[in-house]
Amino acid sequence: MKRNLLIVVVVYSLCFKLVTSGWSQSTTYFNIKTDLSLKHYDDYCYAVVENDSTYVAYGNAIDGAYNYSTIVCGLNSTGNQEWMKEWGSDYPDNYAAQHGGLIKYNDSLWFSLYTSVYYTGTTYYWHIFLQCHNAALDTLWTMGFKEDTVLLATTLIKTMDGGLAIGGFRLDNAGFHIRKLSSTFETEWVKTVSLFDGFKYNTYTIAQTSDSGFALSGARFDTWVDGDPVVAKLNASGNLEWWLNFGGQFEDFGALVCTTNDGSLIVGNILNLYEINSYLWGRINISKMDNQGNVSWNKLYGNLGIGNTINSIIGLEDGGLLACGYVSHDAIAYQGWMLRLDEQGDSVWYREYSLLTNLDELHWLQSAIPCSDKGFMAVGTIPNTFTNPETDSWLLKVDSLGCVAEGDCWVGISDNEEEKPHHKSQMLSLRCSPNPALHTLNIQWTGNANVLEVYTLHGQLLQYQHLEGLSRYPLTTLDWPRGVYIIKLFSPNGNICLGKFIKI
């Protein structure tokens, strides 16, 4: 009996160690606003690459004359800047590729991508430039693609054959654009993928598929406001095989694409579900499909929000996914968000982040990556507002649960969770019954809610109720018109939970 008990204890200890180490590694955290450009007025951070437990950040700087240059910065393991280099000074404006403009090719070479704009009289010329750098990020050579004068670069990837693929779009609205380079970095082919339907197309991301083809994702615009998320599949020669629209009834803007380690394609976009007072409320929409465009699953994630935006999605070594973006719950302040999925597409955690506390602050996350310590790092920008006069880069390092500090997290498994019940109470969830409702709607919730609001779909506030000390509330709907209504629950720490019900 004692021998069996010892075996159980040893097995339990090993399992506990594996679970906690797999879920909570990474003891380096930071959440900082920093001037990466040093000497310039504003800077924007678009990408980050881990480099031997330190980081290299990439983005744009703006000087006092509002000229743009690309910058690359070395960060130590705690997010502090160690060096900065500035590229693209030949022309007044040089725009970093916003959906992946910096890659570590191998231990000796890096590549970066940007667009230069110059003027001759009243004519604007847009050229894509590719730069090759050594391990110290010093520039070895620069290659300009000047045969086309209306191209804007957006993304850069390494291909299976050791070459590169450059994504962008034409400002004359001809279609998606891709350039394939060989392993010696010479152009093999250039394609502008037009669907010949009268729409405008912007390329956001490229992923090479398991059949050596390419998936291009982006936005299809009727006007510059009304957009749909679209993915196009090309063969290895760059010829169009198929395309899909992942949009709904409202404007959903662009899509992002990546691959998983089982060879599947992943499409990430925002699906807007409601329009209230001219504001679109949407959730994160992620789909998994094969190289023929057959969708195996499609799921919604995260909180419903205004102006919800997805800026990055990547496949992880364990088959899961990591995505980031930003969202607003009041059309004034914006929080960044990160989403972690497992290989079945189930949510491991979703968290929203901010740094500044003024009511009008904007927090934009642009890119997120896994780190060697099992944590994650995200970068972005905190733009200037009335209360924040300067635009600076935003650096965020979290552990494997998405926590910004040890113990500061309500998700996952903890060995002392019983000692921290307040963390679980930060999350709100609600349930309404009966739904549809006739006379009375019983609203119940978990978490600490202090305010209840009910709106029509047109944004009219019908009910405002303080909830201190309550966990349920009977809403009388007898005299209300038939229709769909929106419920908003607020917690004292600023969390919001949304629901809806039908009055019959």
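In what follows, the structure referred to is the one given above.
Scope of this entry: the structure provided in the associated data block. (Residues numbered from 1 in each chain as written. Predicted model: local features only at pLDDT ≥ 70, side-chain atom pairs only at ≥ 80, totals over all residues. Heavy atoms only, no water.)

Bringing unusual backbone geometry into the picture now. Geometrically, the link from S433 to P434 is a cis peptide bond, its omega value of -10° lying close to zero. Omega for the peptide link from N435 to P436 comes to 15°, which places this bond in the cis form. Mapped onto the secondary structure, P436 falls in the loop between β29 (429-433) and β30 (440-446). Located in the positive-phi region is F185, a residue other than glycine, with phi close to 65°. Judged by its relative accessible area of 12%, F185 falls in the buried class. Of note, N277 is a non-glycine position whose phi angle comes to about 55°, a positive value. Here N277 shows up in the loop between β20 (265-276) and β21 (279-289). With a relative accessible area of 46%, N277 lands in the partly exposed category. (Helix = DSSP H or I, 4+ residues; strand = E, 2+ residues; numbered from the N terminus. Buried < 20%, exposed > 50% of the residue type's maximum accessible area, 1.4 Å probe, protein only.)

The next thing to look at is the sheet that holds strand β13 (residues 176-181). Strand pairing in a sheet takes place through backbone hydrogen bonds and is either antiparallel or parallel in direction. Across the sheet, four strands lie side by side as β11-β12-β13-β14; this open sheet has antiparallel pairing. For this open sheet the edge positions go to β11 (151-158) and β14 (187-193), each flanked by a neighbour on one side alone. Strand-to-strand twist of the sheet, defined as the mean angle between neighbouring strand axes without regard to direction, takes the value 20°. (Pairing = 2+ DSSP bridges. Axes fitted to C-alpha atoms, helices over the stretch in contact; angles between N-to-C directions.)

Within the largest apolar cluster, 20 residues are counted, with the highest numbers of intra-cluster contacts made by I284, I286, Y301, I310, I313, W337 and L339. Those elements that place two or more of their residues in this core are β16 (214-221), β19 (255-259), β20, β21, β22 (295-315), β23 (321-328) and β24 (335-341). No other element matches the four residues that β22 contributes to this core. Counting 18 residues, the second largest nonpolar core, distinct from the first, contains C432, Y473, W480 and I487. (Core = buried A, V, L, I, M, F, W, Y, C linked by side-chain atoms within 4.5 Å.)

Let's shift gears to a nonpolar patch on the surface. Judged by side-chain polarity, L438, I502 and I504 come together as a nonpolar surface patch covering roughly 250 Å² of accessible area. Within the secondary structure, L438 sits in the loop between β29 and β30. (Patch = residues over 30% accessible without salt bridge, like charges linked within 9 Å, V, L, I, M, F, W, Y side chains within 5 Å. Areas by Shrake-Rupley, 256 points an atom, 1.4 Å probe, with all protein chains shown as cover. Salt bridge = Lys/Arg side-chain N within 4 Å of Asp/Glu carboxyl O.)

Further remarks concern the pairing of β23. Across the eight residues that make up β23, a large majority, eight, are buried. Where burial is concerned, the two faces of β23 agree: the one with L321, A323, G325 and V327 and the one with L322, C324, Y326 and S328 are both buried. Here β22 folds back onto β23, and the loop between the two strands holds five residues, one of which, G319, carries a positive phi near 90°. In terms of strand pairing, β23 meets β24 through seven bridges, oriented antiparallel. By the bridge assignment, A323 is partnered in β24 with L339. Once β23 ends, the chain turns through six residues before running back antiparallel as β24, passing A331 with a positive phi of about 65°.

Within this structure, the stated rule accounts for eleven salt bridges. For the salt bridge of D392 with K33, the shortest nitrogen-to-oxygen distance reads 3.0 Å. Placement of D392 in strand β28 (residues 392-398) and of K33 in strand β1 (residues 30-34) is noted, with a sequence separation of 359 residues between them. Within the structure, one salt-bridge network assembled from shared partners comprises D161, K180 and E188.

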